[in-house]
Amino acid sequence: MATEIKAPTFPESVAEGSVAAWHKKPGDSVERDELIVEIETDKVVLEVVAPEAGTLAEVLAEEGDTVQSEQVLGRIGEGAASGGDKAEAASEEKSEAKPEAAPAAGGEAHEVKAPTFPESVQEGTVASWNKQVGEAVKRDEVLAEIETDKVVLEVVAPADGALSEIKAEEGSQVASEEVLAIFTEGAGGDAAPAAGEGKAAASADDGASDEKVGDKILAPAARKLVAEHDLDVGKLEGTGKGGRVLKEDVQKAIKDGSAKKTAKSTQPAGAKAAAAPAPAVEGERPEKRVPMTRLRKTIAKRLVEAQQTAAMLTTYNEVDMGAVMDLRAQYKDTFLKAHDTKLGFMGFFVKAASEALKRFPDVNASIDGDDIVYHGYQDIGVAVSTDRGLVVPVLRDTDSMKIADVEKGIVDFGKRARDGKLGIDEMQGGTFTITNGGIFGSLMSTPILNPPQTAILGMHKIQERPMAVNGKVEIRPMMYLALSYDHRMIDGKDAVQFLVTIKELLEDPARLLLDV
């Protein structure tokens, strides 16, 4: 009975794919889980493995054909191979590799699935595999990380054991609860290196579609990646049989940037004297091209969207930070002992902003289509810079929070943001945002709105400047404040008065206690 070979289930965002390369031809014998065909989508190249051992009986979709999700690509029949010596050689190769690739003996097999994504997240990217096939893993140890456009989600081991198969390679797009790998209980141990070799063997084809480029022999999938990334073939190191360059070799070179083409000087020798004012660059000028992470793409998309859809305007003011600094200097030690957290500046700004938002509800509102949504609470997002990019966790009901609660919350958010541990629900639903470029030395900037919010406050560096105070020149610690706002929602008068209110509350912090 023939077994159908089907294209993988494409993510919702992928409409169709094309057959990139068949690694077997009709009559060739195939082993179960052996790479048999590659499907190229507009985002990734998907590998299709043999569902059963047998002989490739029929190819229904030729190379270059456009195929749909789960479309039948071919059929595998029962019986021995008829592919001649080549098939036998392939069989021998597999039989040699198989004992090394198999993980140590184990028990029950589990599917390792991607986490359940929230409704607002369509798909994620396999950011990294922390464990390799055959490598011993403890229960709840992190196997892989899935990067969505908002957070990085961890996938943990369901039991003690080892990965027996990885179905979604790093960089692959995966949907919610999609199977990422097969995990075997009780397996693992010394099989990791062998598994790597086995994987390479499994990725190799019979060589019929290989192409020699220079002194290198490239597999079809490798050749495609080389062309896409414009790599220097001579710098690739092949790990396949006979030094063949496999797709994995090219992916590794792309990741570490070791195969980029070197810029060549085209200046003729005879023109050297004439070109003396502009000396030729000698040696290699390294460049590194890396794809944007999903988080960076999302940041870029949202910032551009904010500038294109809102009538954004910025008003500025400056605040004398002397009173806050004196208060902080007086009570910082007592505050630390009482609350086990440091007294910073952000607590004062969050409380001042909360009070100002109550007085100016337009600034705390958002636009939803043709409606204005007034929020009866103050949820303030605090921008946190991480290695992955900017994230904005939200402090809830800041009006009822004490300064100590704000400071503790910010410390917790900052630590978890840098570790990629923030949850999606912690970064949604803010009504106003504060960003502090001052910690990086910014003296003045124009913050960009965080839609659908209609305003954002920018803090900056505290700098001593000469100021006129009661007819005298005094050196005061000053900070510029910037309020960017959506002029569709907020009038200039309200925006200016909102910022003046924050200035007055900070210059006289007693107002925060007296509510005046």
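The residue numbers shown here count from 1 along each chain, following its written sequence. Per-residue local features of the predicted model are confined to residues with pLDDT of at least 70, and side-chain atom pairs are confined, for both listing and counting, to 80 or more; whole-chain, interface and lining totals are unaffected and use all residues. Hydrogens and water molecules were not included; the side-chain quantities draw on all heavy atoms of the structure.

- UniProt positions are given in the numbering used here, feature names are shortened, and annotations may be inferred rather than shown by experiment. What the UniProt record of the protein gives under Sequence similarities (unreviewed entry) is the line "Belongs to the 2-oxoacid dehydrogenase family."
- The record in UniProt for the protein states the following under Catalytic activity (unreviewed entry): "N(6)-[(R)-dihydrolipoyl]-L-lysyl-[protein] + succinyl-CoA = N(6)-[(R)-S(8)-succinyldihydrolipoyl]-L-lysyl-[protein] + CoA".

## Things to note about the sheet that holds strand E10 (residues 123–129)
Then comes step 1: Reading across from one edge, E13-E12-E10-E15 is the order of the four strands in this open sheet, with antiparallel pairing throughout. Either end of the sheet is taken by a strand with one partner, and the two such strands are strand E13 (152–156) and strand E15 (173–175). Strand-to-strand twist of the sheet, defined as the mean angle between neighbouring strand axes without regard to direction, takes the value 40 degrees.
Then comes step 2: One requirement defines pairing of two strands: DSSP has to find at least two bridges between them. Runs of E in the DSSP output that reach at least two residues are strands. Runs of H or I that reach at least four are helices, and both are numbered from the N terminus. As judged from the four bridges shared by E10 and strand E12 (residues 142–147), these two strands associate in the antiparallel manner. Bridging across to E12, Trp129 finds its partner in Ala144. Note on definitions: angles span 0 to 180 degrees between N-to-C directions of axes, and those axes are lines fitted to C-alpha atoms, for helices only across the stretch in contact.

## Focus: the nonpolar core
Then comes step 1: In plain words, nonpolar cores are sets of buried Ala, Val, Leu, Ile, Met, Phe, Trp, Tyr and Cys residues tied together by side-chain atoms within 4.5 Å. Burial status follows relative accessibility: with a 1.4 Å probe on protein chains alone, a residue under 20% of its type maximum counts as buried, one over 50% as exposed, and anything between as partly exposed. With 71 residues, the main nonpolar core has Trp129, Phe349, Phe432, Ile434, Phe498 and Ile502 as its most contacted residues.
Then comes step 2: In terms of residue count, the dominant contributor to this core is helix H7 (residues 346–359) (eight residues).
Then comes step 3: With residues up to four places along the chain from it excluded, the contact list for Trp129 reads Leu143, Ala144, Leu163, Ile166, Ala168, Glu169, Glu170, Leu180 and Ala181.
Then comes step 4: Core analysis: the second largest hydrophobic core is formed by 18 residues, Phe10, Val59, Ala61 and Val67 among them. Whether two residues touch is decided by their heavy atoms; if any such pair falls within 4.5 Å, the residues are in contact.

## Focus: the sheet that holds strand E6 (residues 54–59)
Then comes step 1: With respect to topology, four strands assemble into an open sheet ordered E1-E8-E6-E3, the strand pairing being antiparallel. Each end of this open sheet is capped by a strand with a single partner; those strands are strand E1 (3–6) and strand E3 (29–30).
Then comes step 2: Here E6 pairs with strand E8 (residues 72–77) via four bridges, running antiparallel. Paired with Thr55 across the strands is Gly77, a residue of E8.

## Remarks on helix H4 (residues 247–256)
Then comes step 1: Among all positions in H4, only Lys247, Asp249, Val250 and Ala253 are buried. Projected down its long axis, H4 carries its buried residues within an arc of 160 degrees, all on one side. Along H4, the residues that are exposed and aim more than 90 degrees away from the buried face are Lys252 and Lys255. As used here, the arc is the angular range of directions from the helix axis to the C-beta atoms.

## Digging into unusual backbone geometry
Then comes step 1: Cis geometry is adopted by the peptide bond preceding Pro452, which originates at Pro451 and carries an omega value of 5 degrees.
Then comes step 2: Residue placement: Pro452 occurs in the loop between strand E26 (432–436) and strand E27 (455–459).
Then comes step 3: Of note, the phi angle at Asp340 is positive, near 55 degrees, even though the residue is not glycine.
Then comes step 4: Considering the arrangement of structural elements, one finds Asp340 in the loop between helix H6 (322–339) and H7.
Then comes step 5: For Asp340, a relative accessible area of 68% puts it in the exposed group.

## Looking at the packing of H7 against helix H9 (residues 492–507)
Then comes step 1: Running from N to C, H7 and H9 point in directions that differ by 135 degrees, and their axes come no closer than 9 Å. In terms of orientation, H7 lies oblique with respect to H9. Judged by the twist between their axes, the crossing of H7 over H9 is right-handed. Along the contact surface, H7 presents Phe348, Phe349, Ala352, Ala353, Glu355, Ala356, Leu357 and Arg359, while H9 presents Phe498, Thr501, Ile502, Leu505 and Leu506.
Then comes step 2: Three categories are distinguished: nonpolar for Ala, Val, Leu, Ile, Met, Phe, Trp, Tyr, Cys and Pro, charged for Asp, Glu, Lys and Arg, and polar for the others, with Gly belonging to the last. Residues that form the contact of H7 with H9 fall into these classes: 10 nonpolar, one polar and two charged. Should an angle lie under 35 degrees it is considered roughly parallel, over 145 roughly antiparallel, and from 65 to 115 roughly perpendicular; all remaining angles are considered oblique. Each crossing gets its hand from how the near helix is turned against the far one by less than a right angle, where anticlockwise is left-handed and clockwise is right-handed.

## Examining the packing of aromatic side chains
Then comes step 1: Centre distance within 6.5 Å is the pairing criterion for rings of Phe, Tyr and Trp, where only the six-membered ring of Trp is used; planes under 30 degrees apart are then read as stacked, over 60 as edge-to-face, and the remainder as tilted. A complete count under the given rule lists two aromatic pairs for this structure.
Then comes step 2: Taking 6.2 Å as the distance between ring centres and 80 degrees as the angle between the ring planes, the aromatic pair formed by Phe360 and Phe498 counts as edge-to-face. With Phe360 in the loop between H7 and strand E20 (366–368) and Phe498 in helix H9, this residue pair connects regions lying 138 residues apart in the sequence. Here the two residues Phe360 and Phe498 agree in accessibility, since each one is buried.
Then comes step 3: An angle of 65 degrees between the planes, with centres 5.6 Å apart, marks the rings of Phe432 and Phe498 as edge-to-face. Here Phe498 lies in helix H9 and Phe432 lies in strand E26, a separation of 66 residues in the sequence.

## A few points about the side chain of Glu147
Then comes step 1: For Glu147, the position within the fold is in strand E12.
Then comes step 2: The contacts of Glu147, once residues within four sequence positions are left out, are Gly124, Thr125, Ala127, Val152, Thr293, Arg294, Leu295 and Arg388.

## With respect to the pattern of salt bridges
Then comes step 1: Any Lys or Arg side-chain nitrogen located within 4 Å of an Asp or Glu carboxyl oxygen qualifies as a salt bridge. Scanning the model with the defined rule gives 22 salt bridges in all.
Then comes step 2: Here Lys24 ties to Glu34 by a salt bridge, and the two come within 3.1 Å at their closest N and O atoms. Of the two residues, Lys24 is situated in the loop between strand E2 (17–22) and E3 and Glu34 in the loop between E3 and strand E4 (35–40); the sequence distance between them amounts to 10 residues.
Then comes step 3: Look at Lys24 and you get buried, because its relative accessible area is 8%.
Then comes step 4: Notably, a salt bridge pairs Asp412 with Arg416, separated by 2.9 Å at the nearest N-O pair. Note that Asp412 and Arg416 are positioned in helix H8 (residues 403–418) at a spacing of four residues, about one turn of the helix.
Then comes step 5: Look at Asp412 and you get partly exposed, because its relative accessible area is 36%.

## Quick word on the layout of surface pockets
Then comes step 1: The way it works is a 1 Å grid over only the protein atoms, where trapped points that fit a 1.4 Å probe form a cavity and open points with protein on both sides within 12 Å along at least five of seven lines form a pocket, and then any residue with an atom within 4 Å of a point lines it. Grid points are joined across faces, edges and corners, and a volume is the space filled by probe spheres set on the points. What the second largest pocket holds in volume is close to 690 Å³.
Then comes step 2: As for the second largest pocket, its lining consists of 26 residues, and the residues nearest its centre are Met346, Val382, Ile410, Asn436 and Ile439.
Then comes step 3: Among the elements that make up the lining of the second largest pocket, the one with the highest residue count is H8 (six residues).
Then comes step 4: Partitioning the lining of the second largest pocket into residue classes produces 13 nonpolar, eight polar and five charged.

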